[in-house]
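Listed here are the chains, written in short residue letters.
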Amino acid sequence: LPINKIPRTILLLRELCQEYNMQINNNKSGFMWLNSNNYRLAPSDKSIECIPVVKTYKYLGIEIDGKGDISKHLVRMQRKINFVFLQLKPLLNNSTFEMRKSLWECFIRPLFEYIIPTWVESMAIRTISLWWKMLKKSFNGFCGLRASIDNIVFDMPFSKSILGQYITSKTLLLKTKSINM
């Protein structure tokens, strides 16, 4: 959307909302430039039609910056994984592999799956790599596996799941991008 059409678009949205007796909450709304490599072209206004211009936005609980990067969210997610692990550690110490895997699937796996819809093709390879390393580390930690465990063992629980299929496609994308660089 061209910069000069944004105010008009917001006004049209406000009019549409009024037809249905709805109101845009300016305090819970934000306008952010996505994938803007050239910030000189982005307007320097602090707000557009009373909607604030922000550098990061929390969408469905996931903090995204103007480049589509979720690194800050991954840092918070790692703290949450560590907290859950410490709370469940007494239970994990005397559990079978299947029980540990089930606990990981119940408490940790949803954290990783929840992020997937926010991925964009332009997302940095380092962010996807960090996500993958966090996934593997959390699974190994919960299941009591060594960090150097072979990827074949790690991939087995994921091979038939949607998460596994998505990881496989992203891994191929990563390999392709790293070869082309």
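Participant: I'd like a description of the packing of aromatic side chains, backed by residues and values.
Facilitator: Summed over the entire model, instances satisfying the criterion amount to three aromatic pairs. Seen in terms of ring centroids, Phe112 and Trp131 are 5.8 Å apart; in terms of plane orientation they differ by 80°. Their pairing is edge-to-face. Here the residue Phe112 occupies a position in helix α4 (residues 109-115), and Trp131 occupies one in helix α5 (residues 125-143), the gap between them amounting to 19 residues. Trp131 matches Phe112 in its accessibility class, with the two residues each being buried.

Participant: Pulling in residues and values, what's your account of the pattern of salt bridges?
Facilitator: Scanning all chains against the criterion turns up four salt bridges. Where Lys101 meets Glu105, a salt bridge forms, and the shortest distance between an N and an O atom there is 3.6 Å. With Lys101 and Glu105 both in helix α3 (residues 97-107) and four residues apart, the pair spans about one turn of that helix. Using a relative accessible area of 27% as the deciding quantity, one classes Glu105 as partly exposed.

Participant: For the side chain of Glu63, give the residues involved together with the corresponding values.
Facilitator: Along the chain, Glu63 falls in strand β4 (residues 62-65). Reaching out from Glu63, the side chain makes a polar contact with the side chain of Thr56 at a distance of 3.5 Å. At 2.9 Å, the side chain of Glu63 and the side chain of Arg76 are in polar contact. Setting aside residues no more than four positions away along its own chain, Glu63 makes contact with Thr56, Tyr57, Lys58, Asp69, Ile70, Lys72, His73 and Arg76.

Participant: Tell me about the packing of helix α2 (residues 71-93) against α3, and name the residues and values.
Facilitator: Between α2 and α3, whose axes approach to 11 Å, the crossing angle comes to 160°. Taken together, the axes of α2 and α3 lie roughly antiparallel to each other. The handedness of the crossing between α2 and α3 comes out as right-handed. Residues Val84, Leu88, Leu91, Leu92 and Asn93 of α2 touch α3, and the partners they reach there are Arg100, Leu103 and Phe107.

The rules behind these values
- Residues numbered from 1 in each chain as written.
- Predicted model: local features only at pLDDT ≥ 70, side-chain atom pairs only at ≥ 80, totals over all residues.
- Heavy atoms only, no water.
- Phe/Tyr/Trp six-rings, centres within 6.5 Å; stacked < 30°, edge-to-face > 60°.
- Helix = DSSP H or I, 4+ residues; strand = E, 2+ residues; numbered from the N terminus.
- Buried < 20%, exposed > 50% of the residue type's maximum accessible area, 1.4 Å probe, protein only.
- Salt bridge = Lys/Arg side-chain N within 4 Å of Asp/Glu carboxyl O.
- Polar contact = N/O pair within 3.5 Å; in protein donor to acceptor, adjacent residues only side chain to side chain.
- Contact = heavy atoms within 4.5 Å.
- Axes fitted to C-alpha atoms, helices over the stretch in contact; angles between N-to-C directions.
- Parallel < 35°, antiparallel > 145°, perpendicular 65-115°, else oblique.
- Left-handed = near helix turned anticlockwise from the far one by under 90°.

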